[in-house]
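# Topology and contacts: notes
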Amino acid sequence: MFRNQYDTDVTTWSPTGRLFQVEYAMEAVKQGSAAIGLRSRSHVVLACVNKAQSELSSHQRKIFKVDDHIGVAIAGLTADGRVLSRYMRSESINHFFTYESPLPVGRLVVHLADKAQVCTQRSWKRPYGVGLLVGGLDESGAHLYYNCPSGNYFEYQAFAIGSRSQAAKTYLERRFESFGESSREDLIKDAILAVRETLQGETLKSSLCTVSILGVDEPFHFLDQEEIQKVIDTFEKVAEEEDEAEGEAEAAPAAAQAEQAGDQDVAPMEI
Amino acid sequence: MTKQHANWSPYDNNGGTCVAIAGSDYCVIAADTRMSTGYSILSRDYSKIHKLADKAVLSSSGFQADVKALQKVLKSRHLIYQHQHNKQMSCPAMAQLLSNTLYFKRFFPYYAFNVLGGLDAEGKGCVFTYDAVGSYEKVGYSAQGSGSTLIMPFLDNQLKSPSPLLLPAQDSITPLSEAEAVDLVKTVFASATERDIYTGDKLEIMILKADGIKTELIDLRKD
């Protein structure tokens, strides 16, 4: 994307019908470290790569508990993500106070999307610079949604956002059809394997990733380091053989992405 | 010209009695399960005890609609606290929150007579007793509700727990064992049931200890 004369205000349309400030906000999501979500019929797993400012600091929290039955993983401006998580918690608590029942996930994402849309239509505001992977369980089953800074939201079987997420998406695209019937353990394993894809070469250690899960009879909680390390240990040996085969498959999508970035006429919001 | 008084009251008294006793490493919270209005019984099986946090249990008599509303507010506030602090509220913290919540409605009070029981940060039992607008005190034992005037003098006689305001400062913890405290509770409720028409049916006892909560349900006179 290049600078142009229609990109100063969020309330200025371009002649081709695009709001550049909103698209720039979506670029901010791509700058954040990766976050991944997948769901089966009964569980939702959210995982992310731990990124720290420097070796001296602790890593940023990118996964938040919204309620026992809803969790959110963010990528982009984590401050915006923190504020939105607080909003989601408040909505969840208020819903329970009024209706004595847990907030359906589909309702929550609509509230979030409407909130994001407001920021795309006020000259004194700016869009939220964070993408949210909202995972939750309600009467209609397990759900995974992605909320955009544009105010759009989509439901997914599995998705990845943030930097180097294309590698994880490629992995998920190959496997997603089986996720619906996956066991809890297989789902966790697939999440960690997807995280490994985004690291592209770096050895996967439990300290590098955060994994959370929620499901039927299982309120939202984080997996501790030992649990994650155990799952990593089960496939680290097999990984050495797989790596050679995957190295060829990854070169192709990377080239396709470079072409798309230079294409100004396709509005990326249509992904 | 005498002042005209309302012929409708927003309040009702659903009766019942609540008691709590604090021990060195436990807390006993008990209440009867009768809910009444006027001279009628609405339910013989209504619990007046509500767990607010792992270490804090609230028992309230009075107007149960207000009690329910109060419980909902406290539950929501506790959820917010857990999100912000990443841990459960301690009993003394919940005690202050309850006081603030009650005083917030100083000019249209919750008609709720509360006894909060639980374990403090050191694992010792604590009981807090309230009036309808939030005045509270940490005590070793307390009774609230329709049978409180029958029970409190007897507890004073048996437990003689001094007020924390007296000098020299003494622990407001009763020197009873858990079994003795439960026995005492059963005794006082049996006596109160005899003379208070609003107390009876069943007695629900919750025993809070560091490793968890146990509940007992005992029959009382149904008349």
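Residues numbered from 1 in each chain as written. Chains lettered and ligands numbered in written order. Predicted model: local features only at pLDDT ≥ 70, side-chain atom pairs only at ≥ 80, totals over all residues. Heavy atoms only, no water.

By the naming in an unreviewed UniProt entry, chain B goes by Proteasome subunit beta and is assigned to Cardamine amara subsp. amara.

As recorded by an unreviewed UniProt entry, chain A carries the name Proteasome subunit alpha type and is attributed to Cardamine amara subsp. amara. The Function (unreviewed entry) field of the UniProt record for chain A holds the comment "The proteasome is a multicatalytic proteinase complex which is characterized by its ability to cleave peptides with Arg, Phe, Tyr, Leu, and Glu adjacent to the leaving group at neutral or slightly basic pH." (UniProt positions renumbered as here; feature names shortened; annotations may be inferred.)

### Some details on the interface of chain A and chain B
The partner chain B presents 7 residues to the 7 residues of chain A that form the contact. When the buried surface of chain A facing chain B is broken down by residue, Arg 89, Ile 93 and Phe 97 of chain A rank first, second and third, together holding 63% of it. One can count 1 salt bridge joining chain A with chain B. Measuring nitrogen to oxygen at the nearest pair gives 3.0 Å for the salt bridge that ties Glu 100 of chain A to Lys 72 of chain B. The greatest single-element share of the side of chain A that touches chain B, amounting to 4 residues, is contributed by helix α2 (residues 78–99) of chain A. (Contact = heavy atoms within 4.5 Å. Buried area = accessible area lost by both parts, 1.4 Å probe. Salt bridge = Lys/Arg side-chain N within 4 Å of Asp/Glu carboxyl O. Helix = DSSP H or I, 4+ residues; strand = E, 2+ residues; numbered from the N terminus.)

### A look at the pairing of strand β5 (residues 49–53) of chain B
All names here are of chain B. Two strands pair when backbone bridges link them, and β5 and strand β6 (residues 56–62) are joined in this way by 4 bridges, in the antiparallel orientation. Considered in β6, the bridge of Ala 53 is made with Ala 56. As consecutive antiparallel partners, β5 and β6 are separated by 2 residues. (Pairing = 2+ DSSP bridges.)

### Let's talk about the layout of surface pockets
Empty space within the second largest pocket amounts to approximately 670 Å³. In terms of lining residues, the second largest pocket is bounded by 26 residues, among which Lys 65, Asp 67 and Asp 68 of chain A together with Leu 79 and Gln 82 of chain B are the most central. Secondary-structure elements contributing two or more residues to the lining of the second largest pocket are β3 (63–67), α2 and β10 (218–222) of chain A together with β5 and α1 (64–85) of chain B. Sorting elements by how many residues they give to the lining of the second largest pocket places α1 of chain B first, with 6 residues. Residues that form the lining of the second largest pocket fall into these classes: 8 nonpolar, 9 polar and 9 charged. (1 Å grid on protein atoms, 1.4 Å probe; cavity = no way out; pocket = protein on both sides within 12 Å on 5 of 7 lines; lining within 4 Å. Points joined across faces, edges and corners; volume = space filled by probe spheres on them. Nonpolar A, V, L, I, M, F, W, Y, C, P; charged D, E, K, R; others polar.)

### Focus: the packing of α2 of chain A against α1 of chain B
One way to put it is that α2 of chain A packs onto α1 of chain B with a least axis distance of 10 Å and a crossing angle of 160°. In terms of orientation, α2 of chain A lies roughly antiparallel with respect to α1 of chain B. Between α2 of chain A and α1 of chain B lies a crossing whose hand is right-handed. Between α2 of chain A and α1 of chain B, the contacting residues are Arg 89, Ile 93, Phe 96 and Phe 97 of chain A on the first element and Lys 72, Val 73, Lys 75, Ser 76, Leu 79, Ile 80 and His 83 of chain B on the second. Across the contact of α2 of chain A with α1 of chain B, the residue classes break down as 6 nonpolar, 2 polar and 3 charged. (Axes fitted to C-alpha atoms, helices over the stretch in contact; angles between N-to-C directions. Parallel < 35°, antiparallel > 145°, perpendicular 65-115°, else oblique. Left-handed = near helix turned anticlockwise from the far one by under 90°.)

### Quick word on the side chain of Thr 193 of chain B
Residue and element names in this part refer to chain B. Tracing the backbone shows Thr 193 in helix α4 (residues 178–195). When its relative accessible area of 3% is taken as the criterion, Thr 193 is described as buried. Ignoring anything within four residues of it in the chain, the contact list for Thr 193 reads Thr 199, Gly 200, Leu 220 and Arg 221. (Buried < 20%, exposed > 50% of the residue type's maximum accessible area, 1.4 Å probe, protein only.)

### What to know about the UniProt feature "domain: Proteasome alpha-type subunits" (unreviewed entry) in chain A
If you check UniProt for "domain: Proteasome alpha-type subunits" (unreviewed entry), the listed places come out as residues 6–28 of chain A in our numbering. As annotated, residues 6–28 of chain A has a helix share of 39% and a strand share of 0%, and its two end C-alpha atoms lie 19 Å apart.

### Re the packing of helix α3 (residues 148–159) of chain B against α4 of chain B
For any two helices packed against each other, one specifies the crossing angle of their axes together with the interaxial distance. All names here are of chain B. Contact geometry of α3 with α4 gives a least axis separation of 10 Å together with a crossing angle of 150°. Taken together, α3 and α4 sit at an angle that is classed as roughly antiparallel. As α3 packs across α4, the resulting crossing turns out to be right-handed. Taken together, the residues of α4 that come into contact with α3 (itself represented by Leu 150, Ile 151, Phe 154, Leu 155, Gln 158 and Leu 159) are Leu 184, Val 188, Ala 192 and Arg 195. Taken together, the residues of the contact of α3 with α4 sort by class into 8 nonpolar, 1 polar and 1 charged.

### Re helix α2 (residues 91–104) of chain B
All names here are of chain B. For α2, spanning 14 residues, the distance from its first C-alpha to its last is 20 Å, which sits close to the expected 20 Å at 1.5 Å a residue. Considered for burial, the residues of α2 that qualify are Cys 91, Met 94, Ala 95, Leu 97, Leu 98, Ser 99, Thr 101 and Leu 102. For α2, the elements touching its buried residues are β5, β6, α1, β7 (112–119), β8 (125–130) and β9 (136–139). (Expected span 1.5 Å × (residues − 1).)

### Some thoughts on the sheet that holds β10 of chain A
Residue and element names in this part refer to chain A. What the 5 strands build is an open sheet, ordered β8-β1-β2-β9-β10; its pairing is antiparallel. Edge positions in the sheet fall to β8 (158–161) and β10, since each of these pairs with one other strand and no more. Between one strand and the next, the sheet's axes are offset by a mean angle of 10°, whatever the strand orientation. Across 4 bridges, the pairing between strand β1 (residues 35–39) and β8 is antiparallel. Pairing of Ala 35 across the sheet is with Ile 161, part of β8. Relative to strand β2 (residues 43–49), helix α5 (residues 184–199) is tilted by about 25°, and along the sheet it contacts β1, β2, β9 (209–215) and β10.

### Brief notes about α1 of chain B
All names here are of chain B. Between its terminal C-alpha atoms α1 stretches 31 Å, which fits the 32 Å expected from 22 residues at 1.5 Å a residue. Along α1, the residues that are buried comprise Gln 64, Asp 66, Val 67, Leu 70, Gln 71, Lys 72, Leu 74, Ser 76, His 78, Tyr 81 and His 83. After α1 finishes, the residue Asn 86 shows a positive phi value of roughly 60°.

### Brief notes about the sheet that holds strand β2 (residues 26–32) of chain B
Residue and element names in this part refer to chain B. Spatially, β10-β1-β2-β11-β12 is the arrangement adopted by the 5 strands of the open sheet, whose pairing is antiparallel. Taken across any chain shown, the strands that pair with only one partner, and hence form the sheet edges, are β10 (141–145) and β12 (212–219). Strand-to-strand twist across the sheet, computed as the mean angle between neighbouring axes with direction ignored, equals 15°. Relative to β12, strand β11 (residues 202–209) runs antiparallel, the two sharing 8 bridges. Residue Leu 203 lies in a different strand from β12, and its bridge partner there is Ile 218. The sheet strands contacting α3 are β1 (17–22) and β10, and the helix crosses β10 at an angle near 170°.

### A word on the confidence of the model for chain A
Looking at chain A as a whole, its pLDDT mean stands at 88, while 87% of the residues score no less than 70. Note that pLDDT drops below 50 for residues 247–271 of chain A; the model gives that stretch 19 contacts with residues more than four away or on any other chain. (pLDDT = per-residue confidence, 0-100.)

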